[in-house]
Amino acid sequence: MRVQATAFSPASVGNVAVGFDLLGHVIAGVGDTVTVRRIDAPTVRIAAIRGAAVALPLAAEDNTAGVALIALRQALALPFGFEVEIDKGIALGSGMGGSAASCVAALVAANALLDAPLSPQALYPFALAGEAVASGGRHGDNLGPMLLGGLVLATADRLVRIPVHDAWHSLLVHPDAVLETRRARAALQGDYRLGEFVEQSANLALVLAGCHAGDAELVRAGLRDVLVEPRRAPLIAGFEPAKRAALAHGAMGASISGAGPSVFAWYETRAAAEAAAPSVQAAFAAAGFDSQAWVSPLACPGAHLLD
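Rules behind the numbers
- Residues numbered from 1 in each chain as written.
- Predicted model: local features only at pLDDT ≥ 70, side-chain atom pairs only at ≥ 80, totals over all residues.
- Heavy atoms only, no water.
- 1 Å grid on protein atoms, 1.4 Å probe; cavity = no way out; pocket = protein on both sides within 12 Å on 5 of 7 lines; lining within 4 Å.
- Points joined across faces, edges and corners; volume = space filled by probe spheres on them.
- Helix = DSSP H or I, 4+ residues; strand = E, 2+ residues; numbered from the N terminus.
- Nonpolar A, V, L, I, M, F, W, Y, C, P; charged D, E, K, R; others polar.
- Pairing = 2+ DSSP bridges.
- Core = buried A, V, L, I, M, F, W, Y, C linked by side-chain atoms within 4.5 Å.
- Buried < 20%, exposed > 50% of the residue type's maximum accessible area, 1.4 Å probe, protein only.
- Axes fitted to C-alpha atoms, helices over the stretch in contact; angles between N-to-C directions.
- Contact = heavy atoms within 4.5 Å.
- Phe/Tyr/Trp six-rings, centres within 6.5 Å; stacked < 30°, edge-to-face > 60°.
- Lys NZ or Arg CZ within 6 Å of the ring centre and 35° of its normal.

S.K.: What should I look at first to understand empty space enclosed by the protein in this one?
M.R.: Regions of empty space are outlined by a rolling probe, equal in size to a water molecule, passed over the atoms. Considering all chains together, one arrives at one cavity of 30 Å³ or more under this definition. Approximately 50 Å³ is the volume found for the largest cavity. Considering the residues around the largest cavity, the lining is formed by N15, A17, D225, V228, E229, R232, S255, I256 and G258. When contributions to the lining of the largest cavity are tallied by element, the ones reaching two or more residues are α8 (229–232) and β8 (253–256). Residues that form the lining of the largest cavity fall into these classes: three nonpolar, three polar and three charged.

S.K.: Teacher, can you tell me more about the pairing of β8 here?
M.R.: If a strand is regular, its side chains alternate between the two faces of the sheet. Note: β8 against strand β9 (residues 263–267), four bridges, orientation antiparallel. Within β9, the residue paired with I256 across the bridge is V263. Counting the residues between successive antiparallel strands, the hairpin from β8 to β9 contains six residues, one of them, G258, with a positive phi of roughly 55°.

S.K.: In this structure, what is going on with the nonpolar core? I would like to understand it.
M.R.: Nonpolar side chains tend toward joint burial in soluble globular proteins. With 73 residues, the main nonpolar core has V36, L69, F82, V104, C211 and W266 as its most contacted residues. Ranked by the residues each element gives to this core, the list is headed by helix α2 (residues 98–111), at ten residues. Membership of the second largest hydrophobic core comes to 24 residues, among which are L171, A233, A254 and I256.

S.K.: I tried to follow the sheet that holds β9 on my own but got confused; where do I start?
M.R.: By way of backbone hydrogen bonds, the strands of a sheet pair with one another, either parallel or antiparallel. One open sheet accounts for four strands, arranged β8-β9-β7-β10; its pairing is antiparallel. Of all strands in the sheet, those bounded by a partner on one side alone are β8 and β10 (291–297). In this sheet, adjacent strand axes meet at a mean angle of 15° when their direction is disregarded. Contacts between helix α9 (residues 239–248) and the sheet are confined to β8 and β9, with β8 contributing the most and set at about 160° to the helix.

S.K.: Just to check I follow, could you spell out the packing of aromatic side chains for this structure?
M.R.: Aromatic ring pairs are reported here in terms of the distance separating the ring centres and the angle at which the planes meet. In total, this model carries two aromatic pairs according to the counting rule given. For the ring pair F80 and F82, a centre distance of 5.7 Å and an interplane angle of 90° mean the geometry is edge-to-face. Grouping residues by exposure puts F80 and F82 together as buried. For the cation-ring pair, R38 lies above F80, with the distance from its terminal atom to the ring centre recorded as 3.6 Å.

Okay, structure coming up:
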């Protein structure tokens, strides 16, 4: 019987401009690592959290990974418990799915310790419970791609992986700034016009159709956020010039990653994404922020065991 497992969950781009709380994809090269041990006590304990710039809750009922594992234990009526160690690799308040990555990595590691492991889809409800602790709501746009890999449409009870062209790559640039998710969501309060919803729905449909067809021009026509980005952009210093720089290098579209302040863009080739990165980073530098950049395939893998 296996008693310990370690899993890695990559970062992610949530919303993907047109799919607020619904659409996301993973980012290669950065993420959270979680080690889970099976223990005799019927409880969940957070033994350590390393790599976070601020103190995160060690009480399991207040921690995203802890709540996800509590939900798993209760649903399966497990007679044993889990002890957890979390190594953060995703900056807090970055718009890169840091809270989601911790709970997904914890679930993937704990799943390996079960007598009858569950499918990634079956882990989704427990991940939603964990994510709700950090964001205040049950939305899976970060969780879905972390569980399945690639680009994923995540509804309240279903995950659907969306096919994308193998050559398509994303650029993610994270300025060294923090934008708390709850503050970013507060910016969305207020009235919306029916026409905005119709336009956003059309854009989402174009992006999904373009992905299924491998048609970059359809994606280019639709990858524009008319609902959320206009309300959040003022919270992100340097966003507008960063977006212009990404588009100037031929991006199919560019917008805010998750709640921000990170910015993502889609490109038809890896070379184009890599060529755009210095210009997008220069835009943030002009606003006074150092930044980090990652280029990865849209179809890259999700969370996985390391051992």
